[in-house]
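Secondary and tertiary structure notes
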Amino acid sequence: MTQAANAEKLAAIILAAGKGTRMKSATPKVLHKVAGLAMLGHAVKALDGLGLEKLVLVLAPDQDEVVEAASSWVKDPSILASAVQDPPRGTGHAVMAAMPQLAGVTGDVIVAFGDTPLVRPETYQALLAPRRNGADIVVSGFRATGPHMYGRLVLGQDGALERIVEHKDATEDERAIDLCNGGIMLIAGAHLADLLGMLSDDNAQGEYYLTDMIAHARAKGLTCAVAEGNAEDVLGVNSRVELAGVEMIMQDRLRRRAMENGATLADPASTYFSWDTQLGQDVEVGPHVTFGLNVLVENDVAIHAYSHLEGCIVHDKAQVGPYARLRPGAELMEGSKVGNFVELKKTRLGPGAKANHLAYLGDAEIGADANVGAGTITCNYDGYDKFPTKIGARAFVGSNSTLVAPVTIEDDAFTGAGGTITKTVEAGALGVARAKQSNIAGWVARFRSKKAKKGK
Ligand code: UD1
Ligand code: MG
C-alpha cells in the first residue's frame, strides 16, 4: 500500500483519563459543558467529521456515563470504543491503554485531548497535509507568549521536528523556544506500537510522555513535522475559571457565525448561543437574548431583548419578546407573535396568531390568526398528568382567561374576559364563565357614614 493511500485511513484516540481534580466536581471533567455540549463532545464531533474508522476514548475507571454520552455525538456509534487507564501515568501510557482497541486498524492515528473543546476540524485537517508530503508523525504547534508550561518543539537545522521537551524537563535555552506543542498528533499507524514500546518514565514527572516518541522516531530515521496553528484552538481546561475563558471564546465564535450567516445582533456580547443554534437570514436579535439547546430560527424573524429560547422552532417572519420564554416543544408558525412575559411549552402558535402579553400556554395547539388575550393561562397539569388545550383558527380568548385542560375553543369562538373555561366553546359562540356584575346604589355613602360614627 502506498503511503498516501495509507494516510487516508484514519483512527483517533481521545485522552480523557486525567483526574481533573482542579475542577472540584463530582462530574467527570470532560463532561463539563461549553456552549451546552460536553467538552468531550466538541472533540468527538470535530474528529467524527474526518470520517474515522475507529475512535477510542481513554477514560478513568467508572466513567460509563461518558461512554454513554459519546454514542450520541458520532454519526456511526459502531466506530466508538473505550479503554480504561488506571492509574494515569502520562499521555504515552494513555495511548498504550488504547492499543488493544486499535487491533486490526492499519491506517494513521490521531491522538487528541478530551479537554480542549476549541480545536476545530480544520486543526485536525491541518495535520493531514504534512503527512501526505511524507512525514511519519505530525505534531500541532503554536507560538506561545508569556509564562506557560507547554512542551517546547525543538527543530533541527533543516526545520524538521527533532524532539519535544516538556517544560519541567527543559533547560533555560529550551524554555526560550516559543514554538510549543499543542498536544494533538498524527502518527503513521505502522510505527505506533513500536514507538510506544520505546517510551520510559525516566523524567521530571515520572510519566510516560507521548512527546518522547519524536526523539525515538528521529533515531529510527522517521520524519517528523509541525503543523502550526493558533494558540486559542488548543487551549486546555483544568479549572472552572479556564472553563469560563473557553466558553467566552466559543461564544464569540458562535456570535460571529450567526452574523456571518445573516443575523443582526444588536449587542453580540450579551447574546448567548448553544453549539447547535441555527439562525436564518435577516434575523434580528435584541440585547440579552439566550439560545438554549436545539433552537431553529428561520428567516426575517425578530427576537427582542431578554428573551430565552430552548428546544423550539420559530418560522419565517415571527416575532418574539421582549421578555418571552419559549420552552421545549414551542413552535411559532409564520408571522405569529409572542410578546412580553409570555411562556410557551409544547405549544404550536398558528400562522399569524398572537399571544402578546402575560400568558402561559402549555400543551396547546393554537389556530391561525387566533388572538390570545393578556393573562391567559392554560391549566394543563393536575399534579399527575398533562392535558391538551385546543384553540381554533380566528378564535379570540378574552383577557385573563383560565383554560382548564382538556378543553377546546373551536374556530371563530370567543371567550369573555376573566372566564374559567372548562367546557368546549363551539365554533362561532361566545363562552362566558364568570359571575354577573351587580352594582349596589348608594353603598359608598352608607359605608362612610358608618365609619364616621366610629370616629374614623
Ligand atoms: C501535554 C503535552 C505537552 C503539551 C500540552 C498541550 C505530554 C507529555 N505533554 O502536557 O507537551 O504542550 O499537553 O496542552 O504529552 N491524560 C490521560 N492520561 C494521563 C495523562 C493525561 O488521559 O495519564 C489526558 C488528560 O486527561 C488530558 C490530556 O491527556 O486530556 C493531556 O494531559 P495533561 O496532563 O493536560 O498534559 P500536559 O501536561 O498539559
Ligand atoms: Mg494540559
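What counts, and where the lines are drawn
Residues numbered from 1 in each chain as written. Chains lettered and ligands numbered in written order. Predicted model: local features only at pLDDT ≥ 70, side-chain atom pairs only at ≥ 80, totals over all residues. Heavy atoms only, no water. 1 Å grid on protein atoms, 1.4 Å probe; cavity = no way out; pocket = protein on both sides within 12 Å on 5 of 7 lines; lining within 4 Å. Points joined across faces, edges and corners; volume = space filled by probe spheres on them. Helix = DSSP H or I, 4+ residues; strand = E, 2+ residues; numbered from the N terminus. Nonpolar A, V, L, I, M, F, W, Y, C, P; charged D, E, K, R; others polar. Buried < 20%, exposed > 50% of the residue type's maximum accessible area, 1.4 Å probe, protein only. Arc of directions from axis to C-beta. Contact = heavy atoms within 4.5 Å.

A word on empty space enclosed by the protein
- Scanning the model with the defined rule gives one cavity of 30 Å³ or more in all.
- Estimated volume of the largest cavity: approximately 50 Å³.
- Taken together, T123, S140, G141, F142, A227, G229, N230, D233 and V234 form the lining of the largest cavity.
- If one sorts the elements of the lining of the largest cavity by residue count, strand β7 (residues 137–143) sits on top with three residues.
- Residue composition of the lining of the largest cavity, grouped by class: three nonpolar, five polar and one charged.

A short note on unusual backbone geometry
- For the bond from G321 to P322, the omega torsion is 5 degrees, close enough to zero to count as cis.
- Residue P406 follows A405 across a cis peptide bond; omega there is 0 degrees.
- With respect to the helices and strands, P406 occurs in the loop between β31 (402–404) and β32 (407–409).
- Look at D282: it is not a glycine, yet its phi comes out positive at around 55 degrees.
- Position of D282 among the secondary structure elements: in the loop between β13 (278–279) and β14 (283–285).
- Even without being glycine, K346 reaches a positive phi, approximately 40 degrees.

Side note on helix α8 (residues 189–197)
- Within the sequence span of α8, burial applies to L192, L195 and L196. For α8, the buried positions fall inside an angular range of 95 degrees around the axis, keeping them on one side. Turned more than 90 degrees from where α8 packs its buried face, A190, A193 and G197 sit exposed.
- Buried residues along α8 sit in contact with α4 (91–98), β6 (108–113), β7, β10 (179–187) and α9 (213–219).

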